Amino acid sequence: MSEEPLAISKEAKTLQQGLKDLLKTRDPWNKEVEFQRRNLQKQYLLLLLIHPNAKESKDAETHMWMQTSYALISIYKTRIAALERALREAGTQRQQSRAQRPGPVEYRKLMQRFKQFLSTEEKFWTQLVVRIQRQFSLSEARTALSALSIVTETDPAVDDVDSGKQDHFRFPPEPTDTPSPKALPLDQRNARRATLSKALIVLGDLARYREQYNEGPARSRGGPERGGRGGRGRGSQTDSPRVKTYDKARACYECARDLVPDEGNASHQLAILASYQKDTFESLVQYYKSLCVRVAYDPAAENMGNVLSKVLDAWRRRRKSKSGAPPPDDPNRGKTNTPSFKDNVILLHALWRLNVEEMDSIAPKHDDLVVKEFSELVSDRALSIDTISKIIIAAQGALWKQRKIRASADTSMEARITSHILALYRALLLTGITELDEAAKIVEEDLAMRITATFRRTLPALRIASKWLRVNLDHVVRANPQDVKDGERDVVIREIRAFWDAYTSFSTRIVLVFPPTSLPKLKHSLEEDVDARGYLPLGGLLMQGTPTGSDEADPRTPEQVHPNEEQLMRIWDIGHDARLIAEVYETPMGPFRAQFSLIDSVQKSEAPALQESTIPAAVSSPRSRMPADDRQSEEDDARTETTDPVGDAFREALSVPSSEDEQDEIVWNPSRITSHRHPSPVE
């Protein structure tokens, strides 16, 4: 049996060489080329579907895409580009006769052939996706395929996109003994899922090419391109370029990424889409996601380097010519706006590719400027929730890349990036402190009503930042100049004391305004969990899915959970992280640690009393035989006399007075939590 995959592999190599030779002398739509191409596809399908565990089957889907699909696509693209160039040149040479001009008809025919090829390939790869999902019982992929309109949740498992058609030439017969979802070992199941993910990326590429070549070059014409008559009295009309959308390609890439978040290929393709939309910031974020995963996509490093080099060169030219916008460190600039801020962020990442001395010589304190603008825009609600999180994620990716990919004996740039991450985090914390002070004035039993609009925008980023802090806690703690002797510290982080002061103050406030015992625990993945799944700088600490088989399981789907409840889950998780960090006694969070110790002691002392009060309820008690009106009266009286031991413990730890006599007043004085004054993130 082991000889059969080897023989198939050898046959595939022979066919591939033959196809390569044919394409040198034949058109890509030539029948002989098509015969050879389909025969080569058949060999790879045998490896993928009949011998999926053979070593010869490794990366068979990639070889099939490159040799039987992309090889022809590249030829079509080259020919189309040559014809477009010839048409442009012919348009400038008015003296040529119409018969001598290289032909619009030839161009239309070539475009039609290319579109037909892309359509045929899309059907083939769609059929392969359905076959892989069904044959290997990858039930976790059905939701993604349904979202792509490839299959629906109600489709029977035996549906085939080409049902009723003979397809014996390429697809081998499907085995009758289809494995159950639990039959495949974990490593084989992961391998099949990775194959399916790559096939979805191919579908995304095909959709991207179809959108790219959906229209020819815009040209002035006197009438419609084919048939009909032009509008009377309007003269020649110019085709306005259609705005291209890549929604189908983006959906395929995102589904592929969600299926296998540990691989970076899909994120790299999303970066390419962002470059089509001239969104360099989004490209940068996706490049980091492509590199900071277990199976990094290596071409992303070169592509990101090219993008950042162009940004830095363009900035240097503008600075040298002193034209256009003022330099980023100009104190006389107007009010910050989001586009210019993103440009400054991209420039900062480009500067990080230099050494510290060169960075400081050409753009001194540029990182401080970015933090200052970030703080202002967050406070003014000028940044979207998504953008705030991506600013944090990109900085974390830059540090991870600096450590793992560009590791060197010089740690000065690593220290600079770490300091910047903590400065961004501190900006969020100081904004949170201000918002929590405002939230403390809101008298609402529903805790969600205390979440201010600004605080709501920062919660996902605060969660992401707290996970990063937990992962890098030892690294950050060792950078505290008060705890480490000179010469023992590899990385010196600026303003580390100010960061810990802000973090302690924020943590103290958030558990006071939103008592942990009154919050819903995190029981399923949130949007940022899905988006950052597999991202190594966060160490896998984000929720990886919905826990099952335990008390933490939530029978509801994420769509059934109210957004306000999700926000409270985020707040619970942020407070939970703060407690875990405070329990590490090297962290300078003594007051917060003492606060929770007091709370724990109060809760333990209350536990026996609670048990005694619940035991009689299980038997017939005098109260259970009371009339309904009497029971209601007793419950009302009990509510008026109920104490809050946890809240009292918080107030005692923070020296906060009770609000019994001041129901309409602020029930605690935020200024008494910490005696120091909170400066701006960048002084």
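Rules of the game
Residues numbered from 1 in each chain as written. Predicted model: local features only at pLDDT ≥ 70, side-chain atom pairs only at ≥ 80, totals over all residues. Heavy atoms only, no water. Helix = DSSP H or I, 4+ residues; strand = E, 2+ residues; numbered from the N terminus. Buried < 20%, exposed > 50% of the residue type's maximum accessible area, 1.4 Å probe, protein only. Contact = heavy atoms within 4.5 Å. Areas by Shrake-Rupley, 256 points an atom, 1.4 Å probe, with all protein chains shown as cover. Expected span 1.5 Å × (residues − 1). Polar contact = N/O pair within 3.5 Å; in protein donor to acceptor, adjacent residues only side chain to side chain. 1 Å grid on protein atoms, 1.4 Å probe; cavity = no way out; pocket = protein on both sides within 12 Å on 5 of 7 lines; lining within 4 Å. Points joined across faces, edges and corners; volume = space filled by probe spheres on them. Core = buried A, V, L, I, M, F, W, Y, C linked by side-chain atoms within 4.5 Å. Axes fitted to C-alpha atoms, helices over the stretch in contact; angles between N-to-C directions. Parallel < 35°, antiparallel > 145°, perpendicular 65-115°, else oblique. Left-handed = near helix turned anticlockwise from the far one by under 90°. Nonpolar A, V, L, I, M, F, W, Y, C, P; charged D, E, K, R; others polar. Phe/Tyr/Trp six-rings, centres within 6.5 Å; stacked < 30°, edge-to-face > 60°. Lys NZ or Arg CZ within 6 Å of the ring centre and 35° of its normal. pLDDT = per-residue confidence, 0-100.

1. Re the overall build of the protein
Along the protein, the regular secondary structure elements total 23 helices and two strands. Out of the 683 residues belonging to the protein, those deemed buried represent 45%. Once local pairs closer than 6 in sequence are excluded, the contacts in the protein between residues at least 24 apart make up 74%. Split by element, the accessible area of the protein, about 35400 Å² in all, is 50% carbon and sulfur.

2. Focus on helix 2 (residues 31–50)
With 20 residues, helix 2 extends 28 Å from end C-alpha to end C-alpha; this agrees with the ideal 28 Å at 1.5 Å per step. Where helix 2 starts, the residue carrying a side-chain oxygen 2.8 Å from the main-chain nitrogen of Glu-32 turns out to be Asn-30.

3. What about empty space enclosed by the protein?
Counted under the stated rule, the structure contains seven cavities of 30 Å³ or more. Around the second largest cavity sit Arg-257, Pro-261, Glu-263, Gly-264, Ser-267, Lys-289, Val-293, Asp-531, Ala-532, Arg-533 and Tyr-535, which together line it.

4. Some remarks on the side chain of Ser-57
Inspection of the secondary structure assignment puts Ser-57 in the loop between helix 2 and helix 3 (60–92). In this structure, Ser-57 is in contact with Leu-47, His-51 and Pro-52, ignoring residues within four places of it in sequence.

5. Some thoughts on the nonpolar core
With 100 residues, the main nonpolar core has Phe-374, Phe-455, Trp-500, Tyr-503 and Phe-514 as its most contacted residues. Broken down by element, this core gets its largest block of residues, 14 residues, from helix 15 (residues 412–439). With near-sequence residues (within four places) excluded, Phe-514 lies in contact with Leu-436, Leu-447, Arg-450, Ile-451, Phe-455, Leu-519, Leu-568 and Ile-571. Residues Ala-144, Ala-207, Tyr-246 and Tyr-253 belong to the second largest nonpolar core, which totals 68 residues.

6. Some details on the environment of Asn-190
For Asn-190, the location among the structural elements is in helix 6 (residues 186–212). For Asn-190, a relative accessible area of 34% puts it in the partly exposed group. Along the primary structure Asn-190 and Val-260 are separated by 70 residues, whereas in three dimensions their C-alpha atoms are 8.4 Å apart.

7. With respect to the packing of helix 6 against helix 8 (residues 265–276)
Viewed as axis vectors pointing N to C, helix 6 and helix 8 meet at an angle of 15°, and their least axial separation amounts to 11 Å. As summarised for this structure, helix 6 and helix 8 are arranged roughly parallel, according to the angle between their axes. Between helix 6 and helix 8 lies a crossing whose hand is left-handed. Counting all contacts with helix 6, which are made through Ile-201, Asp-205, Arg-208 and Gln-212, the residues of helix 8 involved are Asn-265, Ala-266, Gln-269, Ile-272, Leu-273 and Tyr-276. In terms of residue class, the contact of helix 6 with helix 8 is made up of five nonpolar, three polar and two charged.

8. Remarks on the packing of helix 18 (residues 496–513) against helix 20 (residues 563–582)
The N-to-C vectors of helix 18 and helix 20 enclose an angle of 130°; their axes lie 10 Å apart at closest approach. Judged by the inter-axis angle, helix 18 sits oblique to helix 20. Considering only the axes of helix 18 and helix 20, their crossing is left-handed. Listed contacts from helix 20 to Trp-500, Tyr-503, Phe-506, Ser-507 and Ile-510 of helix 18 are Ile-571, Ile-574, Asp-577, Ala-578 and Ile-581. A per-class count over the contact of helix 18 with helix 20 returns eight nonpolar, one polar and one charged.

9. A look at the packing of aromatic side chains
The tally for this structure, following the rule as stated, stands at 16 aromatic pairs. Through a chain of ring-to-ring contacts, the aromatic side chains of Trp-29, Tyr-76, Phe-114, Phe-117 and Tyr-213 assemble into a single cluster. Over the ring of Phe-136 we find Arg-192; its NZ or CZ atom is 5.6 Å from the centre of that ring. Just above the ring of Tyr-209 sits the side chain of Arg-208; from NZ or CZ to the centre is 4.9 Å.

10. Observations concerning the side chain of Gln-36
In this fold, Gln-36 is placed in helix 2. Sequence-distant contacts of Gln-36, defined by excluding residues within four places in its chain, comprise Leu-15, Gly-18, Leu-19 and Leu-22.

11. Brief notes about the confidence of the model for the protein
The predicted coordinates of low-pLDDT regions are not to be read in fine detail. In this model, the protein carries a mean pLDDT of 80, and residues with pLDDT of at least 70 account for 70%. Within the protein, strand 1 (residues 220–221) has the poorest average pLDDT of any element, 40, and helix 9 (residues 280–291) the best, 97. Within the model, pLDDT remains below 50 along residues 216–236, and this stretch shows 23 contacts once partners closer than five positions in the same chain are excluded. Note that pLDDT drops below 50 for residues 610–646; the model gives that stretch 17 contacts with residues more than four away or on any other chain.

12. So, unusual backbone geometry
Phi at Lys-278 is positive, roughly 60°, even though this residue is not glycine. Among the secondary structure elements, Lys-278 is positioned in the loop between helix 8 and helix 9. Given the relative accessible area of 74%, Lys-278 is considered exposed. The phi dihedral of Glu-495 falls on the positive side, at around 50°, and the residue is not glycine. Looking at where Glu-495 falls in the secondary structure, it is placed in the loop between helix 17 (473–477) and helix 18. When its relative accessible area of 44% is taken as the criterion, Glu-495 is described as partly exposed.

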